[in-house]
Amino acid sequence: MAKLTLDGISRRFGDAVAVDDFTLALEAGEFVSLLGPSGCGKTTTLRMIAGFITPSAGTIEMDGRVLSSPSLSVPPESRRMSMIFQSYAIWPNMTVAQNVGFGLQVRKLPAAEIRRKVDEILDVVRMGELGGRYPAELSGGQQQRVALARAIVIQPEVLLLDEPLSNLDANLREEMRYEIRRLHDAFKITTVYVTHDQAEAMVTSDRIAVMNRGRIEQVDTPFAIYNRPRTRFVAGFIGRTNFLEGTRAGDEIGFAGFAVKAALFPDAPAGGGRVVLAVRPQAIGLARRPPDDANRGWWIEGTVTQRAYLGEVWDYTVAPAGSALTLRVSTPPSVAVEVGEPVWLEIDPAHVALIPS
Amino acid sequence: MRALDPTVLVWLALAAVLIFLVVNPLLRLVLTSFQAADTHAFTVANYIEAYSRPRYIEALRNSLMLGAAVSALTLLFAVPMAWAISRTDMPGKHLIRLGAFGAFVTPPYLGAIGWILLAGPNAGWLNRAWMGLTGAEHGLFDIYSFPGLTFIIAIYSFPYVFIFTSAALEVVSSEMEDAASILGAGVLRTTWKVTLPMVMPAILGGVIVTFLEAIALFGSPALIALPARFNVVTTQLWQFFSYPVKVEVAAAYAMPLLGITVALFWLQSRITRRKGYVALTGKGGARRPIRLGAWRWAMLGYCLLIVSMSVLLPYLALSQAAFARAWGQGVSLANFSLDNFHFILFEHRTAQQSVINSFVYAAWAACLAIGLALAIAYIVTRELLPFAKLLGFVAMAPFVIPGIVLAIGFYAAYAPPPLALYDTAAILVLAFTTRFLPIAYANAAAAMRSFNPEMEEAVRILGGTRLTAIRRVVAPLLKRSLVGAWLLVFIPATRELSAAIFLYGPNTRTMSVMLFDLSEEGNFEHLAALGLLLLVGTVAIVALGYRVIGRDFMVRGGS
Amino acid sequence: MRRTTFGLLAIALLGMTATPARAGLDALAAAASKEGEVTWYVSQTDSATADAAAHAFTGLYPAIKVNVVRTTTGIAYQRLTQDLRENSPHCDVFSTTDLGQYATLKQHGALAAYAPENARGLSPEFQNFDPDGTYYPTYAGMVVIAYNTKKLTADQAPKSWRALADPMWKGKLSLGHPAFSGYVGNWVVELKKLYGWDYFERLARNDPLVSRSIIDTVTVLNSGERVVAVSPSPSALESIDKGNPLAVIYPEEGAILMIAPSAVLASAPHPNAGRLFLEFLLGPAYAEVTVKSRGESLRPDVPALPGFTSFRQVKTVHLPVKDVLDGIPTVTEQWRDTFGG
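Residues numbered from 1 in each chain as written. Chains lettered and ligands numbered in written order. Predicted model: local features only at pLDDT ≥ 70, side-chain atom pairs only at ≥ 80, totals over all residues.

Visitor: Where do I start with the overall build of chain A in this structure?
Guide: Per the secondary structure count, chain A includes eight helices and 21 strands. Considered along the principal axes of its C-alpha atoms, chain A spans approximately 75 × 45 × 35 Å. A burial count over chain A gives 38% of its 357 residues as buried. Of the contacts made within chain A by residues no fewer than 6 positions apart, 64% connect residues no fewer than 24 positions apart. (Helix = DSSP H or I, 4+ residues; strand = E, 2+ residues; numbered from the N terminus. Buried ≥ 20, exposed ≤ 12 C-beta atoms within 10 Å, placed from the backbone. Contact = placed C-beta atoms within 7 Å.)

Below, the structure written as structure tokens:
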């Protein structure tokens, strides 16, 4: 049985729909991210799981027991979950040790055991020496760790994280991503992680639920989300992408200014009709000389209109011959081409995602 | 529907208390104004009587003129001082701030007594000095006059405008002024055309508060206006309460005061809410003090003048009287005596009792006001009840009711049976609580707004209930701002006269009433002694508060 | 003429009075001690005298505490009527200066009928003050002209009430207010009778300093703020005793004789203590306090201090109850219109 199920969850505020028909099942120990732009409903969903908001429709169940429904809402204090807040919410009037031990105190554990558990968990998050400090004396990263320790030490059934890394600088963020995943693997807690940062989601999650305007666009592993986006939104939100919109005509798919053999895309719908392809900039090869055999694979001739050197890659904007379109292409730093030079782009169909209509 | 949380009942009960304290007296006041005295039948006769004599209309006109004059004078005092402190390199800022604070803490009627000793037309010290120096027949200043009353009210009202203005000026970035000076504007022009207009809403807000205070004040007008032989609304209301008591006519007469206050308060909230100003003055860059050169000594002189007028001179006069056998005899060893203090502290039982009463009632009122305000603020910010926003509005409503009008409403509502609170400490404490609830609520609401709800949610997700969260996290974290708010209620409550004058009974006399009574026999020596005791007590408690909270508590804008 | 009227009344009524409850003082003292306290609303003396009286009373009866509520006459009456209106009685003994108040209170049955033993020891002029035996005279003084001797010689000082209205006294006068002070109320009624209201219009043009209590006029003179005042003789004479530069003039038209009564309230919370206190007010111990504060002596066995001018030695005017009853409220309103407050 799934650990945590959300079935048809919806939430409206007046006329505005924040979450619409959200269905998701988490297995025990699974790490799932809710990823999307601000306003997509991910935080609202998280808070419904926590019990701070009641759904307008649908149910939330954990281990078969109904936690939330329009007519019933188990209060947050009775759900045996844990949450890391965007602001960490570390209480400034208590020491680190008191903060971490709070949940254990509420559960009425004996003082000696609380001390033992608190010391253990502080070691795990590498804050062992700092139990007696007050939050005002800690850095952002350290406060983060305290929040984690406090949440994990009570061994929650589900751990909820609400954009916990958004207040940290870039380097720290990267370090903490791995840290969070490491802790998850050590304790195997079922985790729901809300973020707008794709890199975070990709690094930490077993599965990602991409949300847009209150609805789920796609739930899949990071690999599948990136390489096989099933909607235009997912394709555009995760990483950068080129969209090629064409029409199937006979054995060709025609785009503005160029075409490709339909045989290369067996999954494209037969008969006339719109075809939308998504290609990542890294998946397009850039060559200075025309191919030996233009009919093998998919080659497009074009001219470089813009370029930018980013250190790790060259970023080119290429205008295909006879087309008003522009294609973004990323190449390793060794491939340097001047603006205005003619180039040939090679696209590997294996790396192209067909967006279903 | 959610299962009914038993704490909802607690919140509802608190809401009911609020309505009892605020809505009921006001309602009773309005109802009473339409009631005939004996039969309780509906009538408009009260309104007719209240506006029948020219004297009564005259009093209303005098009050409005007084309010306007006081506001203008206050601007003159407060704005330059606030500007000098917040934006220039004038020396001695700490001293001036302390002086402004001293003015804030001094009961206006005590200051008035000090000024009677200073500027009584023939016997006042300043006048005697003048007559001695120039050989003139008459003194220069006559405190028993309309300008005299305006002056006395203004020197104790200016702290409001000062606080509002300096708080706003502190947030204006120097870049605004730099932009003007790059274009060639000098200091004065920049200040007049750039800086001050930016804080105009704050200044206007302060002015409106000052105006409302001035027309609602009782003590100073009673001391000055009667000998000066003119009447204002508050003294006229007091007359309606002399035998035979005409509560109904008083209620009718009080309505315009209430109406004016509501209208101005609405105006003030419109002005201070204009977003444009907020965006401009927001979190702008750094502040660099303007260099005034030799002018900074002139500014210091001006500020010191104001501080002397409101604090130094009157306190000196009061001290002289407190330690004198007969104040008119001047300062001399023969005239020196500690008898007054001895009498007040050990012999005059009513005075002793009044001291205790004042501090006890004020403490009770402060605790009740803060407790209630915090609970209401919690309900409003966490939206625990469907009509939560309305509660916040009701909590601020007493601000709009002049103290004396509130007292009459309380009298009408609670003095007679069934509650029969006449001559009880309860009616005074309740009236004070209601009167100062808006200050408490404004502070509590600001504190709650700045309090991240995630702090409480963290408690709840870890297994604690809402009440646990309040107990372990909310209350301890708000302690600091609550202590500040407590003092902001306690201090004015100890010296509250306008409300107390109607609600006190033989056993529940407060110090303010006592001081007022002592003034009637011209017993300035005893009065000064009691007044100094009040001041010393207040300063002691504030100093304690300072220690507990730290430097910034009052200087950085209370209300 | 007043004296003979009083004398005749006294003879006529001696032995004809209906006898309300009498009690031996010892039994009364015992019952009063059980009650333990007495509340006294007083305006007819100043605070210091009132406190001295309380002190003397507790000296005689240590078990009884005296709550002195000293205010002006107007405020005292306002408090009392408010108490009665709200059915919240506090006052046991009421001692003010406005006879009209007593007449009204008696009419409403608010006063207790009681014949104190010590009333028999009063001088004849003060006997049978109230035929119904509800209030008794406990203080007497006069309203006179007082002036600051440092600023005026005896020749320059005004000798009559009429002289006060002369423009030469502009900015130099100090008065009380009839709404607060019974002394002033009586004075205004009498002078209105003598000279009409026009007198007060002229007086107002002299810009007097108006205080609430008439006692304040003495401190105003002492401080040198004003030069001439309409003052109560006890306060003025006491102030002279203390060495202040004042002198008193008994005006040509007559000083206003104030005989201020006291009464026990029918609703007194401590009825026995109240009666005992009234006995005290009529007795020799209180008379000593009175004469020390330069009030008249009401008892033949307590002589005035040396150098004291009694009302019997000067021309005085005493208003009948009826004049006071209707007069004071009317003149108060007129005063407010004329003097502006």
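Let's pick the thread back up.
Visitor: What am I meant to see in the overall build of chain B here?
Guide: Counting secondary structure elements, chain B contains 25 helices and zero strands. The globule rule puts the C-alpha radius of gyration for 559 residues at 24 Å, and the 25 Å found for chain B is close to it. Counting all 559 residues of chain B, 52% fall into the buried class. Long-range pairs, those at least 24 residues apart, make up 78% of the contacts in chain B with a sequence separation of at least 6. (Rg over C-alpha atoms; globule rule 2.2 N^0.38 Å.)

Visitor: Whenever I open this one, the sheet that holds strand β3 (residues 31–35) of chain A confuses me. Can you help?
Guide: Residue and element names in this part refer to chain A. Sheet architecture is open: six strands sit in the order β7-β8-β9-β3-β10-β11, paired in mixed fashion. One side of each edge strand has no neighbouring strand; the edge strands of this open sheet are β7 (81–84) and β11 (215–220). Here the average twist between neighbouring strands, direction ignored, is 15°. The pairing of strand β8 (residues 158–162) with strand β9 (residues 190–195) spans five bridges and is classified as parallel. (Pairing = 2+ DSSP bridges. Axes fitted to C-alpha atoms, helices over the stretch in contact; angles between N-to-C directions.)

Visitor: Just to check I follow, could you spell out the interface of chain B and chain A for this structure?
Guide: How big an interface is tends to be stated in terms of accessible area lost as the parts join. With 16 residues of chain B in contact, the opposing surface of chain A contributes 21 residues. Top contributing element to the side of chain B that touches chain A by residue count: helix α21 (residues 453–461) of chain B, with six residues. Among the residues forming the side of chain B that touches chain A, the class breakdown is eight nonpolar, four polar and four charged. (Nonpolar A, V, L, I, M, F, W, Y, C, P; charged D, E, K, R; others polar.)

Visitor: Is there a simple way to think about the sheet that holds strand β5 (residues 65–69) of chain A in this case?
Guide: One key point about sheets: their strands pair by backbone hydrogen bonds, in either a parallel or an antiparallel sense. Residues and elements named next belong to chain A. Taking strand neighbours across the sheet as the criterion, the five strands line up as β2-β1-β4-β5-β6 in an open arrangement whose pairing is antiparallel. Edge positions in the sheet fall to β2 (16–26) and β6 (72–73), since each has one partner strand and no second. For β5 and β6, the ladder comprises two bridges, and the chain directions are antiparallel. Looking at β6, one finds that S68 is bridged to S73.

Visitor: Looking at this model, I keep getting lost on the nonpolar core. Mind explaining?
Guide: Generally speaking, nonpolar side chains in soluble globular proteins are found buried as a group. All names here are of chain B. Counting 380 residues, the largest nonpolar core has A373, I408 and V489 as its most contacted members. Considering each element in turn, this core owes the most residues, 17 residues, to helix α17 (residues 349–382). Residue contacts for A373: discarding those within four places in its chain leaves A395, L437, A440, Y441 and A444. (Core = buried A, V, L, I, M, F, W, Y, C linked by C-beta atoms within 7 Å.)

Visitor: Help me out: how do you make sense of unusual backbone geometry in this one?
Guide: Glycine aside, residues mostly have negative phi angles, and peptide bonds mostly take the trans form. Residues and elements named next belong to chain A. For D63, which is not glycine, the phi dihedral falls at a positive 50°. By secondary structure assignment, the location of D63 is in the loop between β4 (57–62) and β5. The residue R126 is not glycine, and still its phi comes out positive at about 60°. Relative to the helices and strands, R126 is located in the loop between α3 (111–124) and α4 (140–152).

Visitor: Would you take a moment to explain the pairing of β11 of chain A for this structure?
Guide: Remark: a regular strand shows side chains that alternate across the two faces of the sheet. All names here are of chain A. As paired elements, strand β10 (residues 207–212) and β11 share five bridges and run antiparallel to each other. What sits directly across from I208, in β11, is D220. Turn length for the β10-β11 hairpin, with the two strands adjacent in sequence and antiparallel, is two residues, and the turn residue R213 shows positive phi of about 55°.

Visitor: Sorry if this is basic, but what is going on with the domain arrangement of chain A here?
Guide: All names here are of chain A. You can read the domains of chain A as domain 1 (4–236) and domain 2 (240–355). Between domain 1 and domain 2, the C-alpha centre-to-centre distance is 40 Å. Of the residues lining the interface, seven residues belong to domain 1; the matching set on domain 2 comes to five residues. Here the side of domain 1 that touches domain 2 takes three residues from helix α8 (residues 232–237), the largest share from any one element. (Domains from an automatic or database assignment.)

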